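# Breakdown of the fold
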Amino acid sequence: MDKVINSYDHIASIYDRLGKLVFGGSLIKPQIEILNSYKGKDILIVGAGTGNVLKTFEANQFNSIDLFDISKPMLNEFNDLVISKSSNINYFLKDGRTGDLNKHYDLIMFPFFLDHFDEQEIREILVSYRSEIPTFDDLAIIDFTNPLKFKHRILAKTMLLFFRITTGHTLNRIPDIFRVSDEILKGLKKKDKYYYDSFIKSSVYSRL
Ligand SMILES: C[S@@+](CC[C@H](N)C(=O)[O-])C[C@H]1O[C@@H](n2cnc3c(N)ncnc32)[C@H](O)[C@@H]1O
């Protein structure tokens, strides 16, 4: 596996505000909707960023939440949240590309994480999480779809340019995330939902 290339370190303090400015609540809404269905459960969020989504919840609404991210400044932002002080909410500075977990989760969530990688790497990440010893009951992907509308294409180009300059992002297109996830997680039950005029999609794959 290649070395980690993306670094959100320089934009950690503005990331949430910027996302809200451009997309309103559409980045966070699908994540809140999904988490609402997993109260009392064990959850892992990969590429968790500042953990902003947890602002809506109380720690005792979940059995546990683990968050993985590679950016220390993102962790520092998370540490400012009240919920970060709870013993059942744990943030790990960890490369989230491998699913070598020593815990089973009711839900593993990838919110705007897989779009950093090309289709081959997304395939490897999902295969690793899907491993023979199942690490999850349900797996949720929330991310961008291939921009078909003109306004979404312009937005995608602007976003990618911004992230190339600020984070070292290397892709110049949005990968076909959901085509790969449908291929790798074939056979699991699936529930799709669309947001932001279909530019954002959530897919929840269930083993049960
Ligand atoms: C676009 S942000 C999304 C943050 C958050 N999920 C949200 O929806 O607001 C992507 C996050 O993935 C993290 N990230 C990028 N590559 C990673 C890796 N290999 N392992 C873990 N986290 C990674 C970045 O540091 C960043 O915080």
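The name given to the chain in an unreviewed UniProt entry is Class I SAM-dependent methyltransferase, with Mangrovivirga halotolerans as the source organism.

We now examine the overall build of the chain. A tally of regular secondary structure across the chain gives six helices and seven strands. Reading the helices (α) and strands (β) of the chain from amino to carboxyl end gives α-α-β-β-α-β-β-α-β-α-α-β-β. Taken over C-alpha atoms, the radius of gyration comes to 16 Å for the chain, in line with the 17 Å a tight globule of 208 residues would show. Its C-alpha atoms give the chain principal-axis dimensions of about 40 × 40 × 35 Å. In the chain, buried positions account for 35% of the 208 residues. If you take every contact in the chain between residues at least 6 apart in sequence, the share linking residues at least 24 apart comes to 74%.

Turning our attention to the UniProt feature "domain: Methyltransferase type" (unreviewed entry) in the chain. Mapped onto the present numbering, the UniProt feature "domain: Methyltransferase type" (unreviewed entry) falls on residues 44-126. Segment residues 44-126 splits into 18% helix and 25% strand. End C-alpha atoms: 14 Å apart.

Around the ligand sit 20 residues, and of these Tyr-8, Gly-47, Gly-49, Ser-71 and Gly-96 come closest. A per-class count over the shell around the ligand returns 10 nonpolar, seven polar and three charged.

A word on unusual backbone geometry. Residues other than glycine seldom take positive phi values, yet Tyr-196 does so here, at roughly 50 degrees. Following the sequence through the fold, Tyr-196 ends up in the loop between strand E6 (189-195) and strand E7 (200-206). Positioned with a positive phi, Ser-198 is a non-glycine residue whose angle comes to about 75 degrees. Within the secondary structure, Ser-198 sits in the loop between E6 and E7.

Turning to the packing of helix H4 (residues 119-129) against helix H6 (residues 177-184), a few remarks are in order. Two numbers describe how H4 lies on H6: the axes approach to 10 Å, and their chain directions differ by 35 degrees. Viewed along their axes, H4 and H6 form a crossing whose handedness is right-handed. Two secondary-structure elements touch here, H4 through Glu-119, Ile-122, Arg-123, Leu-126 and Val-127 and H6 through Ile-177, Val-180, Ser-181 and Ile-184. Of the residues belonging to the contact of H4 with H6, the class tally is six nonpolar, one polar and two charged.

To continue, consider the environment of Ile-141. Within the secondary structure, Ile-141 sits in strand E5 (residues 136-144). Residues Ile-141 and Ile-108, 33 residues apart in the sequence, show an inter-C-alpha distance of 8.7 Å. Those residues in contact with Ile-141, other than ones at most four positions away along the chain, are Phe-110, Leu-114, Ile-177, Ser-181, Ser-202 and Ser-203.

We now examine the nonpolar core. Ranked by internal contacts, the top residues of the largest apolar core, which has 45 residues, are Ile-43, Ile-108 and Ala-140. Ignoring any residue separated from it by four or fewer positions in sequence, one finds Ile-43 in contact with Tyr-38, Phe-62, Ile-65, Tyr-105, Asp-106, Leu-107 and Met-109.

Definitions and limits used
- Residues numbered from 1 in each chain as written.
- Predicted model: local features only at pLDDT ≥ 70, side-chain atom pairs only at ≥ 80, totals over all residues.
- Helix = DSSP H or I, 4+ residues; strand = E, 2+ residues; numbered from the N terminus.
- Rg over C-alpha atoms; globule rule 2.2 N^0.38 Å.
- Buried ≥ 20, exposed ≤ 12 C-beta atoms within 10 Å, placed from the backbone.
- Contact = placed C-beta atoms within 7 Å.
- UniProt positions renumbered as here; feature names shortened; annotations may be inferred.
- Near = placed C-beta within 6 Å.
- Nonpolar A, V, L, I, M, F, W, Y, C, P; charged D, E, K, R; others polar.
- Axes fitted to C-alpha atoms, helices over the stretch in contact; angles between N-to-C directions.
- Left-handed = near helix turned anticlockwise from the far one by under 90°.
- Core = buried A, V, L, I, M, F, W, Y, C linked by C-beta atoms within 7 Å.

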